[in-house]
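Tertiary structure, described
What follows is each chain in one-letter form.
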Amino acid sequence: MYRKKGDCSWGRNCGNGQEHRICRTVNKDDVIILDSMNYIKGYRYELFCLIKHAQTPHCLVYCLTSPEISAQWNASRGPEERYAQEILDALVMRFEAPDSRNRWDSPLFTVQHDDSLPFEAISDAIFHRKAPPPNQSTQSQPLSSTNFLHELDKVTQDILTAILNAQKTSVPGDVIAVPAASEKISFWVCGCIQLTCLFRAISPVAGRVVLPDSKLYPHGVCGWQFHL
C-alpha cells in the first residue's frame, strides 16, 4: 500500500486495512506474520483480542532501532516509499514501546538491527505455548435442555414438599433431608409463600446454568441452604 507524500492519514488507513485482513485470515492452522510498525499499544491490544477470539498463540518481535538509524534507512528508500521527515518525527514521538508485563505484548522478543533472531524461542512461543483463553463476554452461552424448566419446577416442588412436611415434626435448628440429595439443610420456619419467592429468586440464575438432571437436586439444596 503506497501513500502520498506528507499524507498523515496513511498510517490510520493502512492500519484499518491490515486489521480487516487479519480478521479474515487468522486461524489455528496457519502462521501469520504481520510485518508492520504496530507502534500504538491500543492497536496491539486489538490484535491481541483477535488472537484470543481465534484461540491461537502469538508473540511480538520488537525491532529496537534508534531514531538516527531509522532516519538513515528512510532516506535510502525510493521517493514513493519514503516518509516525509515531519511524519517520521511524529511517528518517533508517538511510539509506545511494548512492555512484556502487558499480556498483549507477551511473549516479547526484543532484537536490535545487528542481532540474530531467536528462532527457537519464537518457534516455542508459537507452536508449543497454550493459546490465551477467549473473553467470556464474547463466548456463546450454552443452551439449556428443552425440558430444563420442567425438571427444575419438579425438583423445586419435591424440595418444597419435604420442607413443608418437616415443619410438622421439626423445630428450628434441626437438619432435614430432601429427595435425591446427600447434603442435609438446617430447618427454619418458613411459609409456603416465602418458599415460592425463593424459588422465583433462584430460577433466573439456574436458567443460565446447564446441569444434568441428576445434579438438579444437590444444587437446588445448595440454593435453598444459601437463601434460608
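Check the entry above for the structure.
Residues numbered from 1 in each chain as written. Predicted model: local features only at pLDDT ≥ 70, side-chain atom pairs only at ≥ 80, totals over all residues. Heavy atoms only, no water.

Quick notes on the overall build of the chain
What the chain contains, in helices and strands, is 8 helices and 4 strands. Helices (α) and strands (β) of the chain occur, in sequence order from the N terminus, as α-α-β-α-α-β-α-α-β-β-α-α. When burial is assessed residue by residue, the chain has 29% of its 228 residues classed as buried. Here the analysis covers contacts within the chain between residues at least 6 apart in sequence; of these, 68% occur between residues at least 24 apart. Carbon and sulfur atoms make up 56% of the accessible area of the chain, which amounts to about 15300 Å² in all. (Helix = DSSP H or I, 4+ residues; strand = E, 2+ residues; numbered from the N terminus. Buried < 20%, exposed > 50% of the residue type's maximum accessible area, 1.4 Å probe, protein only. Contact = heavy atoms within 4.5 Å. Areas by Shrake-Rupley, 256 points an atom, 1.4 Å probe, with all protein chains shown as cover.)

Structural notes on the side chain of histidine 58
As for its position among the elements, histidine 58 is in the loop between helix H2 (41–54) and strand S1 (60–64). Of the residues examined, histidine 58 reaches a relative accessible area of 12% and is grouped as buried. At 3.4 Å, the side chain of histidine 58 forms a polar contact with the backbone oxygen of serine 106. With residues up to four places along the chain from it excluded, the contact list for histidine 58 reads Phe48, Ile51, Arg103, Trp104, Ser106, Pro107, Ala125 and Arg129. (Polar contact = N/O pair within 3.5 Å; in protein donor to acceptor, adjacent residues only side chain to side chain.)

A closer look at the environment of isoleucine 32
In this structure, isoleucine 32 sits in the loop between helix H1 (10–25) and H2. With relative accessibility at 37%, the residue isoleucine 32 sits in the partly exposed group. Spatially, the C-alpha atom of isoleucine 32 lies 8.4 Å from that of isoleucine 22, the residues being 10 residues apart in sequence. Apart from residues lying up to four places away in sequence, isoleucine 32 is in contact with Ile22, Thr25 and Val26.

Thoughts on the pairing of strand S2 (residues 108–112)
Here S2 shows a clear split, with Phe109 and Val111 buried on one side and none of Leu108, Thr110 and Gln112 buried on the other. Examined bridge by bridge, S1 and S2 share 5 bridges and lie parallel to one another. By the bridge assignment for S2, leucine 60 is matched with leucine 108. (Pairing = 2+ DSSP bridges.)

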